[in-house]
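If you want the building blocks of each chain, they are given just below.
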Amino acid sequence: MIIEKEHPLDNCQVFVQLRKCFNDYGQNTKSLKTLIYWSGNDEHIEQICVQVAAILLEHELIRMEPHAKRLEELVARPNGPNAMNHLRGLLVYLVLNTSRESDCQWSSQVIHLCHQLPAIPQFLTIAIALKCGLQEPLEEFLACGPRWLTTQYFEAFSETLSHVHPDHLDALPLVFGSLKAAGRAIIHHNLPEENKRLLRQMASMLQRHLLDSQDRLKTLPRAAMRKLYLAEVMQQLLEVLLEILTPRHGQKPKCFSIYSQMSLDISGSYSKDPTADLRLYSLILLDALQRILQLISVDTFMYWLEIPSQRLLYSYQELICSQTAELLGLVQPDEELGQHSVCKQMQSFADAAKSFEDRLAELTLGELLTFLDGDLGNVSNDQLLAGLDNLFGRSIAFGSDECVETMGKHLKLLGTKHSGLILLHLSQVVEAKMVTKDEGISITEVKQERIDDDEEEDEEEEEDEYSSLLKLVLRPLFQQLSLSDKIQLLQTRDELNVTEGFNFEASDHQERRIRFFNRLDMQKKFPQEEFLELCYENAKQTWLDFARLAVTHHRFMLLFWRLACHGCPKHAARHIPSCAEEFLLDEQLLMKPNALRFLLSLYGHRQILNGLYMQSSVLCVGLKDGECPYEKEALKQAQAGFLEACAAGLCKFSESLNYSCLQFILRLLLAITTAEKQLNVQGIRQLRKLKREHGKSEEGDDAPAVKKAKEYIDMHAFLLEWRQENWPLISQIMLTIDALRWDLTTFEQVRVDTLGLALRYWRRGLSHLKILSEEFRQRIFNLAGNLKHKDFWVVNLDEESSDYSRRLIRLLTQASAMEATMIFGKVLINRTDCSLISELSDAVEQAKCESALQAFQFLFRSYIVAYRHFVRHIKPSRWSYHWAHLMSVVERAPMSVHSEILTDLHVAFASRLGMIPDEQMKQKSSDTEDML
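Residues numbered from 1 in each chain as written. Predicted model: local features only at pLDDT ≥ 70, side-chain atom pairs only at ≥ 80, totals over all residues. Heavy atoms only, no water.

Asks: How would you summarise the overall build of the chain if you had to cite specific residues and measurements?
Replies: Regarding its fold elements, the chain presents 45 helices and four strands. Here the chain has a C-alpha radius of gyration of 47 Å; the compact-globule value for 932 residues is 30 Å, and the former is much larger. Expressed as lengths along the three principal axes of its C-alpha atoms, the size of the chain is roughly 150 × 70 × 65 Å. Counting the 932 residues in the chain, one finds 50% classified as buried. Partitioning the intrachain contacts of the chain with sequence separation of at least 6 by distance along the chain shows that 73% fall at a separation of at least 24. Total accessible area on the chain is roughly 45,900 Å²; 49% of this is exposed by carbon and sulfur atoms. (Helix = DSSP H or I, 4+ residues; strand = E, 2+ residues; numbered from the N terminus. Rg over C-alpha atoms; globule rule 2.2 N^0.38 Å. Buried < 20%, exposed > 50% of the residue type's maximum accessible area, 1.4 Å probe, protein only. Contact = heavy atoms within 4.5 Å. Areas by Shrake-Rupley, 256 points an atom, 1.4 Å probe, with all protein chains shown as cover.)

Set out below in structure tokens:
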């Protein structure tokens, strides 16, 4: 196993063995000082390269691979990235021991490596680099080393190359590697006076090593080889040009310091802008490109279509056309480069160019998967990402296990765009289901049952079809997203209604959700990431569970709204309304200590989500476009949904006569009437503050913030009107009042109290009938006419009627406390209270039940209240008369409740009328008990 060398220029065992190898060869075989020319020393150079390669193989720094064309011949390659620092240090070690000592200006960082080897010529250093797997470090050195030194090596490289690689095709990658290194050298060490010399060297290298004429090209033995050579040259020249024309200024490679610290450049001052010299270099390359272009025939160009290039999916023809299009796009803005004649000659190449995306689109699904799985060769991340984009653009891929498996292999490359494409496809599946159901036709019941079963099976198959996509791709993709991207994904999923057709839950979701809320600590930071993951699986249930905590304690409610308002308001706005729908039907939740306050906040969730803030420990609503701005219609729909949830709760609990829950909902509705007024009051205060903070414009117009605040205040003003015209709530209030009406056999005090709350909301929370439209009034009258207890809605009492008293009794025995007080008030004015109480007593005695006696006590208390109002302003001289009248009324009451009604009477009147002392009252009470 190779361990990466942290400091490449430190002495090491490889250096020791290399030193021994060179010394032994110089002493025993051939003195290295006498190696002045290559010619005549070929065998010695070959032997030295073999021995150096053996040392590197021993340390596993290189590996030998078969030659691409000559399989019997082996080629040295670096043994992975961990070997590179070893090889870089080795190259520097060889360069520091070259024979040109008079020019050396070594720095203190490398001086310890000098003079350790016999002085060797530069061409031997280059031969070792090219033969022993140091090609990449050599190119790095040419690009990053001090220019006074690399200039020598560019020259030596040009002279040595043809000796090491006489095969022109083998030499091409090395030639172009050197050309790229020259361009990088201009950027890394921009020395204008050295650049001129370097550019001359590059022009000379191109003329020397490229077969740029018909005569020279014919030195290649076969026509196919010549066509391949031209393709290689064109592709490489274009690649070098593209790199030079898109330089990365200031981005030096990590290895730069290894070579640059060998010595300081001593050639002259640096220039900041290398553009001028890079343009000159581009012109030299364009000239070479033109010479090559002249050798390309139609037959050659068509032959390139059959030759696969090193770039995946591209033939040489496609790659060259693509590179040409990119090159022309870069040179056209430049007046000098754009006018080069070769640009016009290559326009036809550019016109036939295919982008990488175009090539991907031409692949079959199987070929695309083969490409993404790496079966065609190594693929860069950019290429993989383009391939994945293409795969995600094919709808068929989302339901294919093979495609999903490939997607899962590249999760690290996937992002919000890909999650959006998955959700979009799933939404289309859901929409297609809905369209299919809408277009169905009715047939016989037997056939319909069969169709329903088939539809259920189809839905199960469809869920199975996409289950692997959800589990293997979308879920892990969601987990690796950032917090903001997770919120965006949930919002997108909500908007597309994807959760309506698919199940996102993991098998242990419920247990994890319960554990999350059981462990939630208000004193610690809220674990939002974990909460969002639960929302991903089942957002509705997760928000409901959080809301269940909010009704237990005020602090949890604040935590709930802080997350909803400042964490993910748009996502929360989607699921919070269902909390009201759930809670207003749940008896246990309505009885929680913080339920009323929390549900009241749910009524205004649109306003709260838009801009909640704290003021004196109170949650307040902002009047500006916050995280979740809303329009008038959205506010109306939110209010309507809440009021309809209230109506549903009233309906459910009216059927079972659950008085506690009915009273809760009615108190909530009464609190809403107050909250609406308070919202408008606070809004006006905030508006005044905004007007003070934001002055008017020069034209006298209000500031934008003030205008927006006015818009919201105007919207909030409609809440009262919308609520008063909400027919589901109005109709249910009427039905609830009807359900709470009682008679002598069903009387309960809690029932009457609940009825009183309902009537209180009817009077306070709804518009007066006179200001409603004729159509709306008619709807109320129509419903009232169909109620069981419709007397209070449609009764028309005639005092002269023979059944007047009987109808009054009927009204009293279903009335609320307020209604009974009003009826008794009218009776007192008519002086018929004694006869009415007498008839009421007869009815109670006929009922023969405990509830009837309790009803009489309740009605008598209402009578007392009415009597107090009736005698409020009497003279003291009349007190005895009224007390006597009350006693006569008491005598008409059922004997079994005399004691209780006398007690109520004494509490209400004795202290004020002053007629009966306490002892007398006690005696009267005891007499009554004796009578019973």
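And the narrative resumes.
Asks: With reference to specific residues and values, describe the environment of glutamine 523.
Replies: Note that glutamine 523 resides in the loop between α25 (509–519) and α26 (528–550). Separated by 98 residues in the primary sequence, glutamine 523 and valine 621 place their C-alpha atoms 25 Å from one another.

Asks: Help me get a handle on the packing of helix α41 (residues 833–847) against helix α43 (residues 879–891), residues and values and all.
Replies: The contact between α41 and α43 brings their axes to 9 Å, and the two run at 25°. Taken together, the axes of α41 and α43 are roughly parallel relative to one another. As α41 runs across α43, the sense of the crossing is right-handed. Contacts between α41 and α43 involve Asp833, Cys834 and Ile837 from the former and His885, Ser888 and Val889 from the latter. Residue classes in the contact of α41 with α43 are distributed as three nonpolar, two polar and one charged. (Axes fitted to C-alpha atoms, helices over the stretch in contact; angles between N-to-C directions. Parallel < 35°, antiparallel > 145°, perpendicular 65-115°, else oblique. Left-handed = near helix turned anticlockwise from the far one by under 90°. Nonpolar A, V, L, I, M, F, W, Y, C, P; charged D, E, K, R; others polar.)

Asks: Quick rundown of the packing of aromatic side chains? Include the residues and the values.
Replies: Scanning the model with the defined rule gives 42 aromatic pairs in all. Between phenylalanine 516 and phenylalanine 517 the ring centres are 5.0 Å apart and the planes differ by 85°, which places this aromatic pair in the edge-to-face class. Assigned by exposure class, phenylalanine 516 and phenylalanine 517 land together as buried. Between the aromatic rings of phenylalanine 526 and phenylalanine 546, the centroid separation amounts to 5.5 Å while the plane-to-plane angle is 10°, which identifies the pairing as stacked. With phenylalanine 526 in the loop between α25 and α26 and phenylalanine 546 in helix α26, this pair connects stretches of sequence that are 20 residues apart. By relative accessible area, phenylalanine 526 is classed as buried at 14%. Every member of this aromatic cluster is reached through a ring pair, and the members are Phe516, Phe517, Phe526, Phe531, Trp543, Phe546, Phe560, Trp561, Phe583 and Phe598. The lysine or arginine in question, lysine 486, covers the ring of phenylalanine 478, its NZ or CZ lying 5.5 Å from the ring centre. Its guanidinium or amino end placed over the ring of phenylalanine 718, lysine 632 lies 3.6 Å from that ring's centre, counting from NZ or CZ. (Phe/Tyr/Trp six-rings, centres within 6.5 Å; stacked < 30°, edge-to-face > 60°. Lys NZ or Arg CZ within 6 Å of the ring centre and 35° of its normal.)

Asks: Explain the layout of surface pockets to me, and be specific about the residues and the numbers.
Replies: The computed volume of the largest pocket comes to approximately 1,500 Å³. If you trace the largest pocket, you find 46 residues lining it, with Val75, Arg77, Gln135, Asp170 and Pro173 closest to the centre. Every element with two or more residues in the lining of the largest pocket is listed here: α2 (42–58), β1 (62–66), β2 (74–78), α4 (122–131), α5 (135–144), α7 (168–188) and α10 (223–245). For the lining of the largest pocket, the leading source of residues is α7, giving eight residues. (1 Å grid on protein atoms, 1.4 Å probe; cavity = no way out; pocket = protein on both sides within 12 Å on 5 of 7 lines; lining within 4 Å. Points joined across faces, edges and corners; volume = space filled by probe spheres on them.)

Asks: Tell me about the nonpolar core, and name the residues and values.
Replies: Of all hydrophobic cores here, the largest spans 181 residues; its most connected members are Phe531, Trp543, Phe546, Trp561, Phe598 and Leu669. Element by element, the count of residues in this core is highest for helix α33 (residues 659–693), at 13 residues. Other than its neighbours up to four places away in sequence, tryptophan 543 contacts Phe531, Cys535, Phe560, Leu563, Ala564, Cys568, His571, Ala572, His575 and Cys579. The next biggest cluster of nonpolar side chains, apart from the first, holds 123 residues, and it includes Leu124, Ile187, Leu198 and Tyr281. (Core = buried A, V, L, I, M, F, W, Y, C linked by side-chain atoms within 4.5 Å.)

Asks: So what about a positive patch on the surface? Which residues, and what values?
Replies: On the surface, a cluster of positive charge is contributed by Arg685, Arg688, Lys689, Lys691 and Arg692. Structurally, arginine 688 can be placed in helix α33. With a relative accessible area of 52%, arginine 688 lands in the exposed category. (Patch = residues over 30% accessible without salt bridge, like charges linked within 9 Å, V, L, I, M, F, W, Y side chains within 5 Å. Salt bridge = Lys/Arg side-chain N within 4 Å of Asp/Glu carboxyl O. Lys, Arg positive; Asp, Glu negative; His and termini not counted. Charge placed at Lys NZ, Arg CZ, Asp CG, Glu CD.)

Asks: Could you give an account of the state of the cysteines, with specific residues and numbers?
Replies: A full pass over the atoms with the stated rule returns zero disulfides. In this model cysteine 535 remains outside any disulfide bridge; the closest cysteine sulfur is found in cysteine 568, 6.4 Å from its own. Residue cysteine 535 is classed as buried on the basis of its relative accessible area of 0%. A relative accessible area of 0% places cysteine 568 in the buried class. (Disulfide = S-S within 2.5 Å.)

Asks: Describe the packing of helix α40 (residues 817–830) against α41, naming the residues involved and giving the relevant values.
Replies: Running from amino to carboxyl end, α40 crosses α41 at an angle of 130°, the nearest separation of the two axes being 8 Å. The angle between α40 and α41 falls in the class oblique. In contact with Phe824, Val827 and Leu828 of α40, α41 contributes Asp833, Leu836 and Ile837. Across the contact of α40 with α41, the residue classes tally to five nonpolar, no polar and one charged.

Asks: Please give an account of the environment of phenylalanine 141 that cites residues and values.
Replies: One can find phenylalanine 141 in helix α5. Placed 748 residues apart in sequence, phenylalanine 141 and valine 889 show a C-alpha to C-alpha distance of 120 Å. Phenylalanine 141 has contacts with Leu91, Val95, Leu149, Thr150, Tyr153, Tyr259 and Met262, leaving out every residue within four places of it along the chain.

Asks: Which residues make up the confidence of the model for the chain, and what values do they have?
Replies: Chain-level pLDDT for the chain is 88 on average; 90% of the residues reach the 70-or-more range. Predicted confidence is poor over residues 441–447, with pLDDT under 50, and the contacts of this stretch with residues over four places away or in other chains come to four contacts. For the stretch residues 913–932, pLDDT sits under 50, and the model shows 23 contacts to residues farther than four places along the chain or on other chains. (pLDDT = per-residue confidence, 0-100.)

Asks: Lay out unusual backbone geometry with the relevant residues and their values.
Replies: You will see that leucine 313, though not glycine, has its phi angle at about 80°, which is positive. With respect to the element layout, leucine 313 can be found in the loop between α13 (298–304) and α14 (316–331). Judged by relative accessible area, leucine 313 falls into the buried class, the value being 14%. We note that lysine 848 has phi near 55°; this positive angle belongs to a residue other than glycine. Tracing the chain through its elements places lysine 848 in the loop between α41 and α42 (850–870).

Asks: Break down the side chain of glutamine 814 for me, citing the residues and quoting the values.
Replies: Tracing the sequence through the fold places glutamine 814 in the loop between α39 (804–812) and α40. Setting aside anything within four residues of it in sequence, one finds glutamine 814 in contact with Arg741, Trp742, Leu755, His789, Asp791 and Phe792.

Asks: Outline a negative patch on the surface, supporting the account with residue identities and numerical values.
Replies: On the surface, Asp401, Glu402, Glu405 and Glu465 cluster together to form a negatively charged patch. Element by element, the count of residues in the negative patch is highest for helix α21 (residues 401–409), at three residues. Its location among the elements puts glutamate 405 in helix α21.

Asks: Please provide a residue-by-residue account of the pattern of salt bridges, values included.
Replies: Inspection of the entire model under this criterion finds 36 salt bridges. Two residues, aspartate 167 and lysine 69, come together in a salt bridge whose shortest N-O distance is 3.6 Å. Taken together, the residues span a long stretch of sequence, with aspartate 167 in the loop between α6 (147–164) and α7 and lysine 69 in the loop between β1 and β2 at a distance of 98 residues. The exposure class assigned to lysine 69 is partly exposed, which follows from its relative accessible area of 43%. When the shortest N-O distance is used, the salt bridge between glutamate 318 and arginine 359 registers 3.4 Å. On the criterion of sequence distance, the pair formed by glutamate 318 in helix α14 and arginine 359 in helix α18 (residues 356–362) is long-range, its members being 41 residues apart. Here the salt bridges do not stand alone but share partners, grouping Lys69, Arg70, Glu73, Asp167 and Asp170 into one network.

Asks: If you had to explain α2 to someone new, which residues and values would you point to?
Replies: With 17 residues, α2 ought to run about 24 Å at 1.5 Å a step, and its terminal C-alpha atoms sit 24 Å apart, in line with that. All of the buried residues in α2 are Ile45, Ile48, Cys49, Val52, Ala53, Ile55 and Leu56. For α2, the arc enclosing every buried residue in end-on projection is 155°, short of the 170-degree limit, so these residues lie on one face. With respect to the buried face of α2, the exposed residues turned more than 90 degrees away are Glu43 and Glu58. Directly after α2, the chain includes glutamate 60, whose backbone phi takes a positive value near 60°. (Expected span 1.5 Å × (residues − 1). Arc of directions from axis to C-beta.)

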